[in-house]
Amino acid sequence: MGVLKRYGTKLPITGKTPSVNLEEGSTPLVRLDRIGETLGVELWAKLEGCNPSGSFKDRGMVLAVAKALEDGAKALVCASTGNTSASAAAYAAHVGLPCYVLLPSGKVALGKLAQALIYGAKVIAIDGNFDKALEMAREAAEERSFAMVNSVNPYRLIAQKTGAWEICESLGRAPDIHAIPVGNACNISAYWAGYKEFKEWGQIPSLPKMMGFQAEGAAPLVTNEPCPNPETIATAIRIGNPVSAELARKAVRESGGQFNSVTDDEILKAQLMLAKDGGIFAEPASCATLAGLIKLKAAGKLPEGATAVMILTGNGLKDPDTALSQAGRPIKIGSTLKELLEALV
Ligand SMILES: *Cc1c(COP(=O)(O)O)cnc(C)c1O
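Residues numbered from 1 in each chain as written. Predicted model: local features only at pLDDT ≥ 70, side-chain atom pairs only at ≥ 80, totals over all residues. Heavy atoms only, no water.

(A) Just the nonpolar core, in detail. Core analysis: the biggest nonpolar cluster contains 55 residues, and Leu4, Leu76, Cys99, Ile188, Tyr191 and Tyr195 have the highest contact counts within it. The dominant element in this core, judged by the number of residues it contributes, is helix α3 (residues 57–70), at 7 residues. Among the nonpolar cores identified, the runner-up in size contains 33 residues, and Leu39, Ala270, Ala282 and Ala308 belong to it. (Core = buried A, V, L, I, M, F, W, Y, C linked by side-chain atoms within 4.5 Å. Buried < 20%, exposed > 50% of the residue type's maximum accessible area, 1.4 Å probe, protein only. Helix = DSSP H or I, 4+ residues; strand = E, 2+ residues; numbered from the N terminus.)

Put into structure tokens, the structure is as follows:
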């Protein structure tokens, strides 16, 4: 029924907030018994790739856009090469606002760029890096009274708490372990805030341990220093200086959790395992969660029989190139039944 409808009473919306709804949220929580058995835990996957633009970004974007409309913004603007731009472009199209996406020239992931373009956003490639794009977007937003919908927008974080509420409502409690990929660290912070509120409101008796996973080449929260040149195949978490670092550190500390890093190779192996043993195709950043749980298990740090939820933040179809690089190839045959039967082994 959409995030604003399902959780409107718990979100900062007023009689004047326009209703915006692409039926985001209420995503599947799927139990993965085969992989769970290997890990010795009761394993669940929250399929955020089932959101309308294919990532969790829609949960926060719906409120950011509703608030932008309420405030009379004439357009949306964001700097992003990834899922934020896809989500912003989708909601802008849905409500009939222009959307401007600033990209660093030549640093564009093709699948996500295709989304921004097909939704009709004006995609502007600037001669500079992402930080420069963000700075320019901010200045332009101010000059023109456009709404800035990067994760600096506070409404995004607020509405992303709904993911935690959905999990608690599905399980009837919070999980013991919450595994999540960490880039700008907004989502881990939002989930922790959501869990804590549900406990305060008497909806759940206990809180999960927040386990945040970063890619080894972009792990500022693991090394405890900014990473000037972040590098990983998991582009959605290729972030060197997370916006919500302090909130995320607090979430991990308060919950008794941990930050850990995983290598690109471990991420790819986990992506394959999720697909082959779980029937779920998630983009590389999302698979840092399973890679992380496998690593914890190997280190003897995954309690037997615990309930663990992985947030699979984005759909695998967004990055088919990475998947194809390890997925094998079709078998080529001629057109006889004999050849076909030989291939069916
Ligand atoms: C944005 C994003 C992340 C990182 O979330 P943060 O809030 O920046 O930590 C992880 N995975 C996917 C697919 C994303 O789009």
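Anyway, onward from the coordinates.
(B) Geometry of the site of the ligand. What surrounds the ligand is a group of 15 residues, the closest being Lys57, Asn83, Gly183, Asn184 and Thr313. Between the ligand and the protein, one listed contact pairs an oxygen atom with a backbone N or O atom of Cys186 at 3.2 Å. Grouping the constituent residues of the shell around the ligand by class yields 7 nonpolar, 6 polar and 2 charged. (Near = heavy atom within 4 Å. Polar contact = N/O pair within 3.5 Å; in protein donor to acceptor, adjacent residues only side chain to side chain. Nonpolar A, V, L, I, M, F, W, Y, C, P; charged D, E, K, R; others polar.)

(C) How the structure looks around the sheet that holds strand β10 (residues 307–312). Spatially, β1-β2-β10-β7-β8-β9 is the arrangement adopted by the 6 strands of the open sheet, whose pairing is mixed. Only two strands of the sheet have a single partner each, and these edge strands are β1 (29–31) and β9 (258–262). Pairs of neighbouring strands in the sheet enclose a mean axial angle of 25 degrees, with direction left out of account. Bridge count between β1 and strand β2 (residues 42–47): 3 bridges; the pairing is antiparallel. Bridging across to β2, Leu29 finds its partner in Lys46. (Pairing = 2+ DSSP bridges. Axes fitted to C-alpha atoms, helices over the stretch in contact; angles between N-to-C directions.)

(D) Unusual backbone geometry, seen in detail. Even without being glycine, Glu23 reaches a positive phi, approximately 60 degrees. Secondary-structure assignment places Glu23 in the loop between α1 (3–7) and β1. The phi dihedral of Ala185 falls on the positive side, at around 70 degrees, and the residue is not glycine. Along the chain, the position of Ala185 falls in the loop between β7 (177–181) and α9 (186–200).

(E) Molecular detail of the pairing of strand β4 (residues 99–104). The buried count for β4 comes to 5 of 6 residues, which makes it a mostly enclosed element. Pairing analysis gives 4 bridges linking strand β3 (residues 76–79) to β4, with the strands arranged parallel. Paired with Leu76 across the bridge in β4 is Cys99. In terms of strand pairing, β4 meets strand β5 (residues 122–126) through 5 bridges, oriented parallel. Its bridge partner being in β5, Leu103 is matched across the sheet by Ala125.

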